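Architecture and fold: a report
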Amino acid sequence: MNSGHQHRVFGRRAQEHILILASGDKVRHMTVRPWMAAVAFCFLGVFSIGYLLATSYLVLRDDLIGATMARQARMQHDYEDRIAALRAQVDRITSRQLLDQQVVEDKVDKLMEQQMALTSRHGKLDNLLDRAESSGLTEKDGALPAPSSPVQSYAPDIKDKRASLTGGGIEAIEKQLASGAPADATPDNSTLAYVPATDTVGDRADRIFSKVTLSLKDVEQDQRSRVEQLTSDAGNAANAIETVLTHFKIPMPETAAKKDDDDAVGGPYVEPESNDDFNNSLVALDGALTRLEEVRSTAESLPFRNPAIGKDVTSPFGNRRDPFLGRLALHSGIDFRFSPGERIRPTAPGRVISAGWTGGYGNMVEIDHGNGISTRYGHMSQVLVKVGDTVDRDDVIGLAGSTGRSTGTHLHYEVRQDGHAVDPVYFMNAGLKLATYIK
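Residues numbered from 1 in each chain as written. Predicted model: local features only at pLDDT ≥ 70, side-chain atom pairs only at ≥ 80, totals over all residues. Heavy atoms only, no water.

Comments concerning the nonpolar core
Keep this limit in mind: What we call a nonpolar core is a set of buried Ala, Val, Leu, Ile, Met, Phe, Trp, Tyr and Cys residues that are connected through their side-chain atoms within 4.5 Å. Think of it in three bands: with a 1.4 Å probe and only protein chains considered, a residue is buried below 20% of the maximum accessible area for its type, exposed above 50%, and partly exposed in between. Counting from the N terminus, the helices are DSSP H or I runs at least four residues long and the strands are E runs at least two residues long. We call two residues in contact whenever any of their non-hydrogen atoms come within 4.5 Å of each other.
Core analysis: the biggest nonpolar cluster contains 47 residues, and Phe304, Ile344 and Ile397 have the highest contact counts within it. Within the residue set of this core, elements represented by two or more residues are helix H2 (34–134), helix H5 (201–247), helix H7 (277–300), strand S6 (334–337), strand S9 (363–368), strand S10 (373–383), strand S13 (410–417) and helix H8 (424–433). Contact partners of Ile344, with chain neighbours within four places excluded, come to Phe338, Tyr377, Met380, Asp395, Val396, Ile397, Gly398, Leu399, Ala400 and Leu411. Formed by nine residues, the second largest nonpolar core is a distinct cluster that contains Val104, Leu111, Leu118 and Leu216.

Observations concerning H8
Short version of the rule: What the arc describes is the spread of directions from the helix axis to the C-beta atoms.
Buried within H8 are the following residues: Pro424, Phe427, Met428, Ala430 and Gly431. Looking straight down H8, one finds that the buried residues subtend no more than 160° of arc, so they occupy a single side. Facing away from the buried side of H8 by over 90 degrees, the exposed positions are Tyr426, Leu432 and Lys433.

Observations regarding the pairing of strand S4 (residues 318–321)
Formally: Pairing between strands requires that DSSP locate at least two bridges from one strand to the other.
Alignment of S4 against strand S5 (residues 328–331), held across four bridges, turns out to be antiparallel. Looking across to S5, one finds that Gly318 is bridged to His331.

Quick notes on the pairing of S9
Consecutive side chains of a regular strand alternate in pointing toward one face of the sheet and then the other. Counting buried positions along S9 yields five of six residues, so the element is predominantly enclosed. Summarising the sheet, strand S8 (residues 350–357) and S9 pair through six bridges and their orientation is antiparallel. Directly across from Ala355, in S9, lies its bridge partner Val365. The turn joining S8 and S9, which pair antiparallel and follow one another in sequence, is formed by five residues; a positive phi near 50° is taken by Gly359. Summarising the sheet, S9 and S10 pair through five bridges and their orientation is antiparallel. Bridged to Asp368 within S10 is Ser374. Counting the residues that bridge the hairpin from S9 to S10 gives four residues, and of these Gly370 lies at a positive phi of roughly 85°.

Notes on unusual backbone geometry
Phi at Lys249 takes a positive value of approximately 60°, unusual for a residue other than glycine. Inspection of the secondary structure puts Lys249 in the loop between H5 and helix H6 (256–259). Phi at Asp418 takes a positive value of approximately 55°, unusual for a residue other than glycine. Checked against the element boundaries, Asp418 lands in the loop between S13 and strand S14 (420–422).

Looking at the side chain of Ser332
As a reminder of what qualifies: In protein, a polar contact means a hydrogen-donor-capable atom and an acceptor-capable atom, both N or O and within 3.5 Å, with residues adjacent in sequence counting only if both atoms are side-chain atoms; elsewhere, any N or O pair within 3.5 Å suffices.
With respect to the element layout, Ser332 can be found in the loop between S5 and S6. Separated by 2.5 Å, the side chains of Ser332 and Glu414 make a polar contact. Contact partners of Ser332, with chain neighbours within four places excluded, come to Phe317, Tyr361, His412, Glu414, Arg416 and Ala421.

A word on the packing of aromatic side chains
In plain terms, the rule: Only Phe, Tyr and Trp rings are paired, with Trp represented by its six-membered ring, and only when their centres lie within 6.5 Å; those with planes under 30 degrees apart are stacked, over 60 edge-to-face, the remainder tilted. In our convention, an over-ring charge means Lys NZ or Arg CZ found within 6 Å of a ring centre and within 35 degrees of that ring's normal.
Throughout the structure, instances matching the rule amount to four aromatic pairs. One aromatic cluster is present, built from ring pairs that chain together Phe248, Phe304 and Phe427. The ring of Phe338 has Lys311 sitting right over it, with the charged end atom 5.1 Å from the ring centre.

Side note on the pattern of salt bridges
We apply this condition: Definition used for salt bridges: Asp or Glu carboxyl oxygen within 4 Å of a side-chain nitrogen of Lys or Arg.
In the structure shown here, the tally under the stated rule is eight salt bridges. With a shortest N-O distance of 2.5 Å, Lys311 and Glu342 are connected by a salt bridge. Here Lys311, found in the loop between H7 and strand S3 (313–315), pairs with Glu342, found in the loop between S6 and strand S7 (343–344); they are 31 residues apart in sequence, far enough to count as distant. According to the relative accessible area criterion, Glu342 is partly exposed, its value standing at 24%. When the shortest N-O distance is used, the salt bridge between Glu414 and Arg416 registers 3.0 Å. The same class applies to Glu414 and to Arg416, which are both buried.

Following this line, the structure appears as structure tokens:
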């Protein structure tokens, strides 16, 4: 009985919930099942959540919109600041490039001025070196250093100075300036602050042009020292020649500086074009060479050479026994042994003032060398010049013979100063001293 009761309790069905709806005479009912309750509960939950979210949105909408707008404004400001910083950096880079370009152009201008100055100096030096070479002071080849490749002459174009430089040294400078990293390079494109390059074009230009300037100064210093040496050599040579000429009481030629006087001159005072030491040294060298040329020309016009090199002296200058009278007589010249018909040349250039038979001289030629000095060549077999002819040291004035008061073929050579006979040996010895200064 107990088992039967338990079975009935376990097997009893749960009672269903019925929803009754009455409207007037009509009565309706609806059985509420569990899944309907679950759906209704879920719907109410979703609705509640949606309601809460909508309410929160309506309440917090202004704050969210304001925050979003503020964030967008901050982002916009950040981008604008970045763009402004980049523009400022570009402006600084452009300005620095312009400054670097100006620095390079200024350096090029200075280098061009030095180049043109050295080129002009070298042109002046060429003339002075030609004169120094003709004076026997130096050989022209290698005498003075000419401007090398860094200072080769060029014709710059004013419109584009850098593009017009064609010298080897200038090309090297441009290559070195073009090498290396650009001056406007920055470590990172995202960097807003300007980061200067460690080595700019201006810095490289300073180093390069410093080296070129030092090189040019070395060349200039070498030129100046050589010019000073030439000036000193020219002065010493002129002094040596003047000493010899003074010994013979030959008047010194007036230099260009001495010729200038204060008569009939004038004009406003104007500062000199340049007070450069190098130009002053060139002026000094020009004056020394002018003085040397003048005294050298005077010495070359005088009979300081031997008229019979390698010939025997048969009778010196001075008192001797006359070969015809047998008594003491003055021999006014030197006799040199010659072969018949041998050519006779003068010892210095000059003008023929006597040519032909002249008493005891036989056929004689007398040549005036200026400064009161003349030479005579006697006993010639034939005279080949006439009065008024201008002769040089290489001209043949006659042939050796034995005319006049002569005992055999020889040359009677005389040197006269102011009409008085002097010993030709004095002149020939002086010629040996001047051999290094005159041709």
